[in-house]
Amino acid sequence: MQLRNSSSRYGWVSIFLHWSVALAVFGLFALGLWMVGLDYYSAWRKAAPDLHKSIGLTLFAIMLLRLLWRFVSPPPPAPNNHGRLTRLGATFGHAFLYLSLFAVMIAGYLISTADGVGIPVFGLFEIPALVSGLPDQADVAGEVHLYLAWALVIFAGVHALAALKHHFIDRDATLARMLGRKA
Ligand code: HEM
């Protein structure tokens, strides 16, 4: 079992980070859509947003680790059969996934901190409200959070379809590498 990435495969740290982030993103999206529809008397009315924020802040920390790990152990180069356009598409696509994910999380933080109150994480500790009181902060951040979350999830779906196309149609190692197999 190889922890670091090499020139031919992803190591287990990157694989674990990739799939846990994917699970968290789709889970947070579903939880977010569900919780905004809860009525006033639901038992989850307060617990669901608390959970959403706690997981979101944990995801932020995981994404910082993931970025750091990318510098410590860079990902393998694209499989040999990827043409110039595919490589370019993958580079921009991955950059968009990283950027939109950070933007969604930062917008989410700004919604919660608009009134100057910190955010508890699983009831264990609190992340302070560093930015508050901007004009219409909660509303603007809320719109950005919602639309970017949709863009992120739709794009992640396209990214997953591309991975499946590589696997089942091109029959190359793109997806297998992200599942721990060697190219
Ligand atoms: C929200 C969900 C997802 C996000 C944010 C995401 C993000 C990323 C990013 C940023 C990379 C670039 C490698 C890296 O920097 O670690 C990557 C690679 C990859 N992802 Fe995802 N991903 C998601 C879901 C999925 C799903 C559902 C699949 C497959 C069904 C998938 C398959 C892959 C594969 C095969 C690679 C390797 C591509 C290569 O080596 O060129 N991802 N993903």
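Let me sum up the structure you'll find in this document. (Residues numbered from 1 in each chain as written. Predicted model: local features only at pLDDT ≥ 70, side-chain atom pairs only at ≥ 80, totals over all residues. Heavy atoms only, no water.)

With that settled, consider the packing of helix α3 (residues 84–113) against helix α4 (residues 137–170). The axes of two packed helices give the description: the angle between them and the distance between them. It is the contact of α3 with α4, at a shortest axis distance of 8 Å, that shows an interaxial angle of 150°. In terms of axis orientation, α3 runs roughly antiparallel to α4. Considering how the two elements wind past one another, α3 and α4 form a crossing that is left-handed. Residues that form the contact of α3 with α4 fall into these classes: 17 nonpolar, eleven polar and no charged. (Axes fitted to C-alpha atoms, helices over the stretch in contact; angles between N-to-C directions. Helix = DSSP H or I, 4+ residues; strand = E, 2+ residues; numbered from the N terminus. Parallel < 35°, antiparallel > 145°, perpendicular 65-115°, else oblique. Left-handed = near helix turned anticlockwise from the far one by under 90°. Nonpolar A, V, L, I, M, F, W, Y, C, P; charged D, E, K, R; others polar.)

A grouping of Leu 33, Leu 146, Tyr 147, Trp 150, Ile 154 and Val 158 is seen on the molecular surface, where their side chains present a nonpolar patch of about 590 Å² in accessible area. The dominant element in the nonpolar patch, judged by the number of residues it contributes, is α4, at five residues. Relative to the elements of secondary structure, Val 158 occurs in helix α4. (Patch = residues over 30% accessible without salt bridge, like charges linked within 9 Å, V, L, I, M, F, W, Y side chains within 5 Å. Areas by Shrake-Rupley, 256 points an atom, 1.4 Å probe, with all protein chains shown as cover. Salt bridge = Lys/Arg side-chain N within 4 Å of Asp/Glu carboxyl O.)

A few words on the coordination of the iron atom of the ligand. Taken together, His 18 (NE2) and His 159 (NE2) make up the full set of protein donors to the iron atom of the ligand, lying 2.0 Å away. Looking at His 159, the relative accessible area reads 28%, which means it is partly exposed. (Donors = N, O, S within 2.8 Å, 3.2 Å for Na, K, Ca; no water. Buried < 20%, exposed > 50% of the residue type's maximum accessible area, 1.4 Å probe, protein only.)

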